[in-house]
Amino acid sequence: MGYRGPLPKTAVDRVNTCVGSLRTSPRWGKLVRRHLTQVTYTGRRSGRTFTTPVGYRRAGNVVTIGVRLPDAKSWWRNFTGEGGPLSLELDDTGRTGHATARRDEKGRVTVTVRLDETA
């Protein structure tokens, strides 16, 4: 059984700040950006825009995000059912796509993003 309950906001903010610093670092940025990106989305209920760092895997125009500690996080719930739009920073550019979240029988959550075609 994984962690249940909200994560402490100050700890999460510190980790996200450190990850953001690593992504923009001249020394480590290129390596870190191969595995971590920033997702930006609009909350379904609040209508507010959020940005959070996530780990990802990419295969062509499909990006897969494995959500760690899904019961302690809520961002992925914006993409259940029919899913919704979001943007990611990939290859130093912003990309948009449609994300869909799925929880498997073991409780693991995966968000699959189908990237929009670039013009």
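Residues numbered from 1 in each chain as written. Predicted model: local features only at pLDDT ≥ 70, side-chain atom pairs only at ≥ 80, totals over all residues. Heavy atoms only, no water.

Draft legend 1. Representation of the overall build of the chain in the model. Secondary structure assignment for the chain yields 2 helices and 7 strands. Listing the helices and strands of the chain from first to last along the sequence gives α-α-β-β-β-β-β-β-β. Whereas a compact globule of 119 residues would reach a radius of gyration of roughly 14 Å, the chain reaches 14 Å, a difference of no more than 12%. Overall size of the chain, expressed as C-alpha extent along the three principal axes, is 40 × 35 × 30 Å. Looking at the chain as a whole, 34% of its 119 residues qualify as buried. When contacts within the chain are restricted to residue pairs at least 6 apart in sequence, those whose partners lie at least 24 apart make up 43%. (Helix = DSSP H or I, 4+ residues; strand = E, 2+ residues; numbered from the N terminus. Rg over C-alpha atoms; globule rule 2.2 N^0.38 Å. Buried < 20%, exposed > 50% of the residue type's maximum accessible area, 1.4 Å probe, protein only. Contact = heavy atoms within 4.5 Å.)

Draft legend 2. Here's a closer look at the pattern of salt bridges. Going through the model one piece at a time under the given rule, you end up with 3 salt bridges. A salt bridge links R103 to D71, with the shortest nitrogen-to-oxygen separation between them at 3.1 Å. Residue R103 is found in strand β6 (residues 93–103), and its partner D71 is found in the loop between β4 (62–67) and β5 (84–90); the two are separated by 32 residues along the sequence. The salt bridge involving R108 is made with D104; its shortest N-O contact spans 2.8 Å. (Salt bridge = Lys/Arg side-chain N within 4 Å of Asp/Glu carboxyl O.)

Draft legend 3. Structural context of the side chain of T52. Residue position: T52 is located in strand β2 (residues 49–55). Judged by relative accessible area, which is 15%, T52 ranks as buried.

Draft legend 4. Summary view of helix α1 (residues 9–24). With 16 residues, α1 should reach 22 Å at 1.5 Å per residue; the first-to-last C-alpha distance of 23 Å fits that figure. Those residues of α1 not exposed but buried are V19, G20 and R23. With its buried residues spanning 100° around the axis, α1 presents them on a single face. Facing away from the buried side of α1 by over 90 degrees, the exposed positions are T10, R14 and T17. (Expected span 1.5 Å × (residues − 1). Arc of directions from axis to C-beta.)

Draft legend 5. View of the nonpolar core. Ranked by size, the top nonpolar core spans 19 residues in total, and within it V63, I65, W75, L88, V111 and V113 carry the most contacts. Broken down by element, this core gets its largest block of residues, 4 residues, from strand β7 (residues 109–115). In this structure, W75 is in contact with Y41, V54, I65, V67 and V111, ignoring residues within four places of it in sequence. (Core = buried A, V, L, I, M, F, W, Y, C linked by side-chain atoms within 4.5 Å.)

Draft legend 6. Examining the sheet that holds β4 more closely. Spatially, the 7 strands line up as an open sheet ordered β2-β1-β5-β6-β7-β4-β3, and their pairing is antiparallel. Each edge of the open sheet carries a strand with a single partner, namely β2 and β3 (57–59). Within the sheet, the average angular offset between the axes of one strand and its neighbour, ignoring direction, is 30°. Here β3 pairs with β4 via 3 bridges, running antiparallel. Bridging from a neighbouring strand, A59 pairs with V62 of β4. (Pairing = 2+ DSSP bridges. Axes fitted to C-alpha atoms, helices over the stretch in contact; angles between N-to-C directions.)

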